Amino acid sequence: MSVSSFRIAKLAPGYDLGAFDCGEPAYNQWLTDHGMQAVDAGASMVYLLLEAAPDAQERVVGYFAICPTLVVRDDMPKLLQRKVLRSAPGWLLAKLALDRTRRGDKAHQWGSQLLRAALERIISASEVGGGQIIVVDADNAGLVGWYERHGFASTGGSPLRLYMKVATARKYLGPAD
């Protein structure tokens, strides 16, 4: 029985992005048409979840994009405003997408693993350059509950925008090894 291996890598020229299909054409197109441009422009960093099957070329089965942002404290849920600067440095989880072939895998929970990898990168970046808040815009109402189960909180005002303190993300990930 052959077993695939997986790794996270920064987007760079040479990866075949055209075969990626998360079921959302806008996310597929963003990766193929704009992902490399965003990296080259310094607008965001894009990371790929790569699957390497024995005797097969590595393929993209997920990705996320992160970038710095500024968060206005009064726009956040009241429960998260404590100890947050009025205009707080933060991180935007701008994109997170998983290939259709990896959805529904209860054993591996690839979406949760991809989110975990994004939070790990954001925490590492915040340790170097600061940041108090992580923001994500769930592109559809069906994703709000998923993000909330992973510790994000909604404002109630903009129902698709969710927040998490960087300190909460550290707790979510657990102690460093």
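The structure reproduced in this document is the subject of the present report. The residue numbers shown here count from 1 along each chain, following its written sequence. Reporting of local features is limited, given that this is a predicted model, to residues whose pLDDT is at least 70; pairs of side-chain atoms are given and counted only at 80 or more, and all residues count toward the totals for whole chains, interfaces and linings. Note that water and hydrogens are dropped before the side-chain values are worked out from all heavy atoms of the structure.

With six of eight residues buried, strand β2 (residues 45-52) is to be regarded as a mostly interior element. For two strands to pair, DSSP has to find at least two bridges joining them. Secondary structure elements follow DSSP: runs of H or I of four or more residues count as helices, runs of E of two or more count as strands, with numbering from the N terminus. Sheet topology places strand β1 (residues 5-10) next to β2; six bridges connect them, and they run antiparallel. Bridge pairing in β2 links R7 to L50. The loop that links β2 with its antiparallel partner strand β3 (residues 59-72) comprises six residues; one of these, D55, has a positive phi angle of about 60 degrees. A 1.4 Å probe rolled over the protein chains alone gives each residue an accessible area, and that area as a share of the maximum for its type sets the label: buried under 20%, exposed over 50%, partly exposed in between.

Further remarks concern the sheet that holds strand β5 (residues 133-137). Ordered by their spatial adjacency, seven strands build an open sheet running β1-β2-β3-β4-β5-β7-β6, and the pairing between neighbours is mixed. This sheet does not close on itself; its edge strands, each paired only once, are β1 and β6 (153-154). Examined bridge by bridge, strand β4 (residues 87-98) and β5 share four bridges and lie parallel to one another. Each residue of the ladder has a partner; that of L92, found in β5, is V135. Along the sheet, helix α1 (residues 25-41) contacts β2, β3 and β4; its crossing angle with β2, the most-contacted strand, is approximately 125 degrees. Note on definitions: a residue-residue contact is assigned when non-hydrogen atoms from the two residues lie within 4.5 Å. Only the contacting stretch of a helix is used when fitting its axis, a line to C-alpha atoms as for every element, and angles between N-to-C directions run 0 to 180 degrees.

Once that is clear, we can look at helix α4 (residues 166-173). Here α4 has its buried residues at V166, A169 and L173. With its buried residues spanning 50 degrees around the axis, α4 presents them on a single face. Against α2 (110-129), β5 and β7 (161-165) lie the buried residues of α4. Of the residues one or two after α4, G174 is the one with positive phi, at around 85 degrees. By arc we mean the arc of the directions from the helix axis to the C-beta atoms, nothing more.

What follows is about the nonpolar core. What is meant by a nonpolar core is a set of buried Ala, Val, Leu, Ile, Met, Phe, Trp, Tyr and Cys residues, joined one to another through side-chain atoms within 4.5 Å. Counting 28 residues, the largest nonpolar core has F64, L93, L119, I134, Y147 and F152 as the members making the most contacts within it. In terms of residue count, the dominant contributor to this core is α2 (eight residues). Excluding residues within four positions of it along the chain, F152 makes contact with L115, L119, I134, V136, Y147, L162, Y163 and M164. The next biggest cluster of nonpolar side chains, apart from the first, holds 17 residues, and it includes A9, L17, Y27 and A97.

Below, the discussion takes up the packing of α2 against α4. For the pair α2 and α4, interaxial distance at closest approach is 10 Å and the crossing angle is 130 degrees. With respect to α4, the element α2 is oriented oblique. Every pair of crossing elements has a handedness; the one defined by α2 and α4 is left-handed. Within the contact between the two elements, α2 uses R116, L119, E120, I123, S126 and E127 and α4 uses V166, A169, R170, Y172 and L173. Here the word oblique covers every angle except those under 35 degrees (roughly parallel), over 145 (roughly antiparallel) and from 65 to 115 (roughly perpendicular). Crossings are classed by handedness, with left-handed meaning an anticlockwise turn of the near helix from the far one by less than a right angle and right-handed meaning a clockwise turn.

This part is about the environment of H150. Summarising the element assignment, H150 is placed in the loop between α3 (141-149) and β6. Residue classification places H150 among the buried residues on the basis of a relative accessible area of 10%. With 80 residues separating them in the primary sequence, H150 and L70 have C-alpha atoms 22 Å apart. Beyond its immediate sequence surroundings of up to four residues, H150 is in contact with S112, L115, M164 and Y172.

Attention now moves to the packing of aromatic side chains. To describe a pair of aromatic rings, one takes the distance between the centres and the angle between the planes. Stacked, edge-to-face and tilted are the three classes for Phe, Tyr and Trp ring pairs, Trp counted by its six-membered ring, which pair at centre distances within 6.5 Å; planes under 30 degrees apart are stacked, over 60 edge-to-face, the rest tilted. The final tally for this structure, using the stated rule, is six aromatic pairs. Measuring from centroid to centroid gives 4.2 Å for F6 and W110, while their planes differ by 40 degrees, and the two rings are tilted. Highlighted residues: F6 in strand β1 and W110 in helix α2, separated in sequence by 104 residues. Here W110 falls in the buried class, since its relative accessible area comes to 6%.

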